[in-house]
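Residues per chain, in single letters:
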Amino acid sequence: MSAPATSPAQAPANSRSRVLVASLIGTTIEFYDFYIYATAAVLVFPSLFFPNSDPTTALLSSFAVFGAAMVARPIGAVVFGHLGDRLGRKGTLVASLLTMGIATFLIGVLPTYAQAGWIATALLVLMRLAQGFALGGEWSGAALVATENAPKNKRALYGTFPQLGAPLGFIIANGLFLIIGALLPSAAGADPSQPSEAFLSWGWRIPFLFSAVMVAIGLWVRMRLVEAPVFAKTQEAGLVRKLPLATVFRNHWRQLVLGTFFMLATYVLFYLMTTFSLSYGRTATDAAVPGLGYSYTTFVLMMIFGVLFFAVFTLVSGPLADKYGRRATLIWVTAAILVFGLVWVPLIGMGTLGVVLWLVLGFTLMGMTFGPMGALLPELFPTSVRYTGSGISYNVSSILGAAVAPFIAVALWEAADGSPWLVGVYLSSMALLTLISLIVGKETKDIALDEGETPAGSGTAAGRDEAPASPVAP
């Protein structure tokens, strides 16, 4: 007599430590890869890949390539989301991490404009698009690994672990750049805020090449995962969708729109504090468009101090969102972001203490708004389209927020003759749009992630419009 089939409930389960490490390490690597590009986009890429432009135009060109990756992210969300919803989360996460790792390593061996002309710039754009494509599938998969394996009353806490990859990736990436910069300092008499010849020649490549080591570790951890019971139940119930993208747009378009605007203020704040601030902080006070005039090393150390608050408050936000709800927590945090954007000039005008306070407040709010998103966006969608739906919302918001934020910020900074007040108003405007979307939206913390379960009192039930399906539903 043959042995009975193993049900999803009897299937091997991921341990808590495996879930948290696997969701954390992948996003840490992905954000590390993005941060080293963001740092290089400010520090070396304008002169290495856009040498024939004036400094402001070269910086804007470098940021334009940085933003190009955001355009590729929704495409990655669709492709990896389709695979994740059809075939499972584990293999898709491995593929996204491998894609990001290869693209980042290849940036480290690219020729510069002086060596290959426009071909070098074109290759940089291509690798940047590949990075964006990979990140489009990474975040939602990592968030699903965390939330689909979490106890119901701790989903927001578990969901903060993939979010924690952002501050950790920042610290590792910028810490490595600081070490390399210290080992390859500018020559005596040179501008200490500018990279040395050795750094421009080969030092900047080290962080990109080092990513190969981190990716190998991440792949080893993720290969040990098993699929979450929630997804296994969906497969057994015949609710796997043949075309998850079509199902999302047909049945869950409202959640897509709301999810996109839920993330908008988060993305704008994120890239203003990590990318624009680096340009603003290290630009000389007597430049054509003046900045704060700090050396690169000094300002990055100030940023890393602020990012420590980002990490701490990312974790703090999880228990708050589990206790009080994602929506209520984010409404208060988003209102605080709106006010924060209006007080940039008074804060920065207080000198170094004010600049540090500006960074600490910005990164604290970043942790508080970013943390709950790891649970909120997946909870908007049923299991059969959760990878696709949460990924599209997250990454379309990257176009509306992150892709244009550094570019708009530099233009506003220039228009205000070096004052950041218009940049702060821009942040507040985006926070207002997010605040409206949160007020219109509904709470998701009581939603059951299993297919077919309808939580009481929620208009965004995870399984409410899932009809009985064949083994692979249309």
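Everything numeric in this text was worked out from a predicted model, so none of it was measured.

Visitor: Would you take a moment to explain the nonpolar core for this structure?
Guide: Proteins that are soluble and globular tend to have nonpolar side chains buried together. Phe45, Phe299 and Trp358 are the most contacted members of the largest nonpolar core, which has 130 residues in total. Top element by residues in this core is helix α1 (residues 16-43). It accounts for 16 residues. Among all residues touching Phe45, those that are not within four sequence positions of it are Tyr37, Ala40, Phe50, Ser62, Ile107, Leu124, Trp204 and Phe208.

Visitor: Just to check I follow, could you spell out empty space enclosed by the protein for this structure?
Guide: By rolling a water-sized probe across the atoms, one finds the places where empty space is left. For the structure shown, the criterion picks out three cavities of 30 Å³ or more. Every residue along the wall of the largest cavity is listed here: Asn14, Arg89, Lys90, Leu144, Val145, Glu148, Asn149, Leu225, Val226, Glu227, Ala228 and Phe231. Mapped onto the lining of the largest cavity, the elements with two or more residues apiece are α4 (89-107) and α6 (118-148). Broken down by element, the lining of the largest cavity gets its largest block of residues, three residues, from α6.

Visitor: Sorry if this is basic, but what is going on with the pattern of salt bridges here?
Guide: A pair can form between side chains of opposite charge whenever their charged atoms are brought close. Under the definition given, this model contains eight salt bridges. We note a salt bridge from Asp85 to Arg89, for which the minimum N-O separation is 3.1 Å. Arg89 shares its class with Asp85; the two are buried. Here Glu148 and Arg89 are joined by a salt bridge, their closest N and O atoms 2.7 Å apart. Residue Glu148 is found in helix α6, and its partner Arg89 is found in helix α4; the two are separated by 59 residues along the sequence. Of the residues examined, Glu148 reaches a relative accessible area of 5% and is grouped as buried. One network of salt bridges, with partners in common, ties together Asp85, Arg89, Glu148 and Arg386.

Scoring rules and cut-offs
- Numbers given to residues run from 1 along each chain, matching the order in which its sequence is written.
- Reporting of local features is limited, given that this is a predicted model, to residues whose pLDDT is at least 70; pairs of side-chain atoms are given and counted only at 80 or more, and all residues count toward the totals for whole chains, interfaces and linings.
- Each side-chain value is derived from all of the structure's non-hydrogen atoms; neither hydrogens nor water enter the calculation.
- Residue types Ala, Val, Leu, Ile, Met, Phe, Trp, Tyr and Cys, when buried and joined through side-chain atoms within 4.5 Å, form a set referred to as a nonpolar core.
- Each residue gets one of three labels from its accessible area relative to the maximum for its type: buried under 20%, exposed over 50%, partly exposed in between, using a 1.4 Å probe on protein chains only.
- Each helix is a run of DSSP H or I of at least 4 residues and each strand a run of E of at least 2, with the numbering of both proceeding from the N terminus.
- Contacts are assigned to residue pairs that have any heavy atoms within 4.5 Å of one another.
- Cavities and pockets were defined on a 1 Å grid built over protein atoms only: a cavity is a set of grid points that admits a 1.4 Å probe from which the probe cannot escape, a pocket is an open set flanked by protein on both sides within 12 Å along at least five of seven lines, and lining residues are those with an atom within 4 Å of any such point.
- Grid points are joined across faces, edges and corners, and a volume is the space filled by probe spheres set on the points.
- The term salt bridge refers to a pairing of a side-chain nitrogen on Lys or Arg with a carboxyl oxygen on Asp or Glu at a separation within 4 Å.

So far we have only geometry, and geometry alone does not tell us how the molecule works.
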